[in-house]
Amino acid sequence: MSILRSPLLIFGILLILAAGALGVGPLLVNWNSYKADFQRQASLLIGRQVTIAGPITVRLFPWPRLTASNVRVANPPGSMLADLVQIEKVDAEIAAAPLLSGQFSLRKLTLVQPVISLERLAGGGVSWTLKPTHSIAGLPGADQVAIAGIDIIDGRIFFGDGRRGGLSEITGVEGRLKAPALDGPWRADIT
């Protein structure tokens, strides 16, 4: 039997070609042309205006990864600050194997220079309550989303009180959050 007709060699060549396609394929897609769709769906899912002002990149190999820059989530009307969340860069690395069983697992989520605004509104509500206006069938629920770690780099947190008019700020927030599922329990190591 010739080495060129070996099933093992053919399988190896196919595996190399598949890995190459996974590595190069996403680079050929202009992910920024889908930015309006990403923003619209995210806004519907959380019930707030989501804006992605910077570029979006996607990579599938060796692990699926999505990176977006200058991401903002709006605060409700009447808030002291315009945005609930501003993030200079979001880098999400997704575990591929759990996707095959309907689970969603973030290997790592890195938030670079996040600014979070937590406010008590003058009308008595709070800024961080999200009210989704839409759901997407087939998306995993909060109990099916595992988070190995959320790294926070150089964050800031604002605490506002619309009733009293006060606004406080904590700067230089660094740390890591973990949860076995999106609905908790959460473990935080913040400095």
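All values reported here derive from a predicted model rather than from experimental measurement. (Residues numbered from 1 in each chain as written. Predicted model: local features only at pLDDT ≥ 70, side-chain atom pairs only at ≥ 80, totals over all residues. Heavy atoms only, no water.)

## Section: the pairing of strand E4 (residues 83-94)
By the bridge criterion, nine bridges tie strand E3 (residues 65-74) to E4 in an arrangement that is antiparallel. Looking across to E4, one finds that Val73 is bridged to Val85. Summarising the sheet, E4 and strand E5 (residues 104-120) pair through nine bridges and their orientation is antiparallel. Within the sheet, the bridge partner assigned to Lys89 lies in E5 and is Val112. (Pairing = 2+ DSSP bridges. Helix = DSSP H or I, 4+ residues; strand = E, 2+ residues; numbered from the N terminus.)

## Thoughts on the pattern of salt bridges
Tallying each qualifying case throughout the model produces eight salt bridges. Taking the shortest distance from any N to any O, the salt bridge between Asp83 and Arg72 comes out at 2.7 Å. In this pair, Asp83 is assigned in strand E4 and Arg72 in strand E3, connecting sequence segments eleven residues apart. In this structure Asp83 comes out as buried when scored by relative accessible area, which is 14%. Here Asp151 ties to Arg176 by a salt bridge, and the two come within 2.6 Å at their closest N and O atoms. Here Asp151, found in strand E6 (residues 145-161), pairs with Arg176, found in strand E7 (residues 166-179); they are 25 residues apart in sequence, far enough to count as distant. What you see here is one network of salt bridges that share partners, running through Arg65, Asp91, Glu93 and Arg107. (Salt bridge = Lys/Arg side-chain N within 4 Å of Asp/Glu carboxyl O. Buried < 20%, exposed > 50% of the residue type's maximum accessible area, 1.4 Å probe, protein only.)

## Points about the layout of surface pockets
Gaps left between atoms are located by rolling a probe of water-molecule size over the structure's atoms. What the largest pocket holds in volume is close to 2,200 Å³. Taken together, 50 residues make up the lining of the largest pocket; nearest its centre are Ala42, Ile46, Val90, Leu106 and Leu109. Those elements that provide at least two residues to the lining of the largest pocket are helix H2 (35-46), strand E1 (50-52), strand E2 (56-59), E3, E4, E5, E6 and E7. When grouped by side-chain class, the residues that make up the lining of the largest pocket number 43 nonpolar, three polar and four charged. (1 Å grid on protein atoms, 1.4 Å probe; cavity = no way out; pocket = protein on both sides within 12 Å on 5 of 7 lines; lining within 4 Å. Points joined across faces, edges and corners; volume = space filled by probe spheres on them. Nonpolar A, V, L, I, M, F, W, Y, C, P; charged D, E, K, R; others polar.)

## Regarding the confidence of the model for the protein
Residues at a pLDDT of 70 or more form 77% of the protein, whose mean pLDDT is 81. Taking the mean pLDDT of every element in the protein, the minimum, 59, falls on helix H1 (residues 7-24) and the maximum, 94, on E1. (pLDDT = per-residue confidence, 0-100.)

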